[in-house]
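Structural overview
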Amino acid sequence: MAGVTLENVTKRFGDVVAVKEATLEVPDQDFLVLVGPSGCGKTTTLRMVAGLEDITEGKIKIGEKVVNDLPPKDRDIAMVFQNYALYPHMNVFNNMGFGLKLRKIPRDEITKRVKEAAKLLGIENLLDRKPAQLSGGQRQRVALGRAIVRNPQVFLMDEPLSNLDAKLRVQMRAELSKLHDRLKTTIIYVTHDQTEAMTMGDKIVVQNEGVIQQVAPPLTLYNEPENMFVAGFIGSPAMNFIKVKLRREDEDFFVDGADLNLKLSSALLDKRPGIKEYANQDVIMGIRPEDLGDAQVEKEFQVSDDNSFTADVEVVEPLGSEISLYFKIGDISGIARVDADSKARVGDKIKLACNTEKIHLFDRETEEAIK
């Protein structure tokens, strides 16, 4: 097994910079997820590691070996594609063993590896079937099995679950995480689904327009985003952003704007002392929907006049365990995930409470988080 290192890797397609000076270290046995919107450069990054795209500048290492000029077959990696790429005329056994056959591995060894991988993936009874006779989830397992039998140093996975239905995706996410625990191998996984990234990755790389925005464990990305892009991309529904003024009164700090006036908690100021340097300046406030509640039924934190405001309810979405409220305050629209006991209805004026310890503030010019 081996780790993967990228050093100032850039990829240009003519005048278009698809990946810009990406520097990244993936330790051996890590499960690293590349996430970002379409066109952000995550698949290009993966394909450069695989050797399917040449790099324009920089260096890629697998283990201790620089692989810039090595063809894919010599990199000791296995790739799982979005469309599975199975041979329709071959049965499952031959699909899984075909790569080994090309490498002239003995027949007995091929049979042994294929059966071991099939058992690991729970598809022993499907070895005689053709791809057309399989469900989407079964085809995905075959594609994974074809990669596993190679015993590669690194697994590269390009949105392998995107063609599955919602329920099967959740199931396969758990299966892939368990598989990683069993195989103890390095996995680099590309997805545009931030929920998938949060639930699977040891670390997550957030990319946008070819630039790595932040690399961190899932909860660090969620709780301590480096900038507004990461804050808005990680979390579902997305973080609410409101332009405010940070006002200081003696030792107290308030955010004013869009018909709200909230006092920042002392715990937040202790955690992010840099906030005090922005006293009486215009900033951007971010608050996650789950950190807003209906003041009438909020149970998670103390409600007071200092942390609540009045908003107009525009849409109510009951979700069983909670309710998504789409609200408007001034000319700003937002979302709150409130307790299922809320009696709010469309057209109501509602008092929303804000967990001010969970507020994020961003520099209005740079959009960087104020730490």
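Since we're looking at a predicted model, the values are computed, not measured.

It is worth spelling out the packing of aromatic side chains at this point. Overall, the coordinates contain five aromatic pairs when judged by the stated rule. Pairing Tyr 87 with Phe 98 gives two aromatic rings, centres 5.1 Å apart and planes at 70°, and the pair type is edge-to-face. Of this pair, Tyr 87 sits in the loop between strand S6 (77-80) and helix H2 (92-102) while Phe 98 sits in helix H2, and the two are 11 residues apart along the sequence. Residue Tyr 87 is classed as partly exposed on the basis of its relative accessible area, which comes to 34%. The exposure class of Phe 98 is partly exposed, given its relative accessible area of 23%. Geometrically, the ring pair formed by Phe 229 and Phe 233 is stacked, given 5.7 Å between the ring centres and 15° between the ring planes. Taken as a pair, Phe 229 and Phe 233 lie in helix H8 (residues 228-233) at a separation of four residues, close to a single helical turn. Residue class for Phe 229 comes out partly exposed when judged on its relative accessible area of 22%. Between Arg 247 and the ring centre of Phe 254, over which it is positioned, the NZ or CZ distance is 4.5 Å.

A separate point is helix H4 (residues 136-148). One turn of the α-helix equals 3.6 residues, which is why residues spaced by three or four share an orientation. With 13 residues, H4 ought to run about 18 Å at 1.5 Å a step, and its terminal C-alpha atoms sit 18 Å apart, in line with that. Burial runs high along H4: 10 of the 13 residues are buried. Within the span of H4, buried status applies to Gly 137, Gln 140, Arg 141, Val 142, Ala 143, Leu 144, Gly 145, Arg 146, Ala 147 and Ile 148.

Moving on: the sheet that holds strand S3 (residues 31-35). The strand order across the open sheet formed by six strands is S6-S7-S8-S3-S9-S10, and the pairing between neighbours is mixed. Edge positions in the sheet fall to S6 and strand S10 (211-216), since each has one partner strand and no second. Each adjacent strand pair in this sheet contributes to an overall mean axis angle of 15°, direction not counted. Across four bridges, S3 lies against strand S9 (residues 203-208) in parallel orientation. Bridging from a neighbouring strand, Val 35 pairs with Val 206 of S9. Running over the sheet, helix H1 (residues 42-50) touches S3, S6, strand S7 (154-158), strand S8 (186-191) and S9 and is turned about 150° from S7.

Running from amino to carboxyl end, H4 crosses helix H5 (residues 166-183) at an angle of 20°, the nearest separation of the two axes being 11 Å. Here H4 is positioned roughly parallel relative to H5, judged by the angle of their axes. Of the two elements, H4 crosses H5, and the hand of that crossing is right-handed. In this structure, H4 uses Gly 137, Gln 140, Arg 141, Leu 144 and Ile 148 to contact H5, whose residues at the interface are Leu 168, Gln 171, Met 172, Glu 175, Leu 176, Leu 179 and Leu 183. Residues of the contact of H4 with H5, tallied by class, amount to seven nonpolar, three polar and two charged.

What follows deals with unusual backbone geometry. Ser 236 connects to Pro 237 through a cis peptide bond whose omega is 0°. Mapped onto the secondary structure, Pro 237 falls in the loop between H8 and strand S11 (240-249). For Gln 29, which is not glycine, the phi torsion reads 75° and is therefore positive. Tracing the chain through its elements places Gln 29 in the loop between strand S2 (16-26) and S3. By relative accessible area, Gln 29 is classed as partly exposed at 38%. Despite not being glycine, Asn 151 shows a phi value in the positive range, around 50°. Looking at the secondary structure, you find Asn 151 in the loop between H4 and S7.

For the rest of this paragraph, the subject is the nonpolar core. Core analysis: the largest hydrophobic core is formed by 46 residues, its most contacted members being Met 96, Met 157, Leu 176 and Tyr 189. Once you skip the residues sitting within four places of it in the chain, Tyr 189 turns out to touch Phe 31, Leu 32, Val 33, Leu 34, Met 157, Pro 160, Leu 161, Leu 176, Glu 196 and Met 200. One finds Ile 242, Met 285, Ala 336 and Cys 354 within the second-largest nonpolar core, a separate group that totals 31 residues.

Structurally, Gly 58 can be placed in strand S4 (residues 57-62). Taking C-alpha positions, Gly 58 is 40 Å from Lys 112, a pair spaced 54 residues apart along the chain. Excluding its chain neighbours within four sequence positions, the residues that come into contact with Gly 58 are Glu 7, Asn 8, Val 9 and Asn 68.

The next point concerns the domain arrangement of the chain. Looking at the assigned domains, one finds that the chain contains domain 1 (4-233) and domain 2 (240-363). A straight line from the C-alpha centre of domain 1 to that of domain 2 covers 39 Å. Across the boundary between the two partners, domain 1 contributes nine residues, which contact eight residues of domain 2. Between domain 1 and domain 2, roughly 740 Å² of surface is buried when both sides are summed, and carbon and sulfur atoms account for 58% of that area. Among the residues domain 1 hides against domain 2, the three largest losses belong to Tyr 222, Met 228 and Ala 231. Together they make up 66% of the total. On inspection of domain 1 and its partner domain 2, the count reaches one salt bridge. With its nearest N and O atoms 3.4 Å apart, the salt bridge here joins Glu 224 to Arg 272. Joining domain 1 to domain 2, the criterion identifies five residue pairs in polar contact (both at pLDDT 80 or more). If you list the elements that add at least two residues to the side of domain 1 that touches domain 2, you get helix H7 (218-223) and H8.

Analysis parameters
- Residues numbered from 1 in each chain as written.
- Predicted model: local features only at pLDDT ≥ 70, side-chain atom pairs only at ≥ 80, totals over all residues.
- Heavy atoms only, no water.
- Phe/Tyr/Trp six-rings, centres within 6.5 Å; stacked < 30°, edge-to-face > 60°.
- Helix = DSSP H or I, 4+ residues; strand = E, 2+ residues; numbered from the N terminus.
- Buried < 20%, exposed > 50% of the residue type's maximum accessible area, 1.4 Å probe, protein only.
- Lys NZ or Arg CZ within 6 Å of the ring centre and 35° of its normal.
- Expected span 1.5 Å × (residues − 1).
- Pairing = 2+ DSSP bridges.
- Axes fitted to C-alpha atoms, helices over the stretch in contact; angles between N-to-C directions.
- Contact = heavy atoms within 4.5 Å.
- Parallel < 35°, antiparallel > 145°, perpendicular 65-115°, else oblique.
- Left-handed = near helix turned anticlockwise from the far one by under 90°.
- Nonpolar A, V, L, I, M, F, W, Y, C, P; charged D, E, K, R; others polar.
- Core = buried A, V, L, I, M, F, W, Y, C linked by side-chain atoms within 4.5 Å.
- Domains from an automatic or database assignment.
- Buried area = accessible area lost by both parts, 1.4 Å probe.
- Salt bridge = Lys/Arg side-chain N within 4 Å of Asp/Glu carboxyl O.
- Polar contact = N/O pair within 3.5 Å; in protein donor to acceptor, adjacent residues only side chain to side chain.

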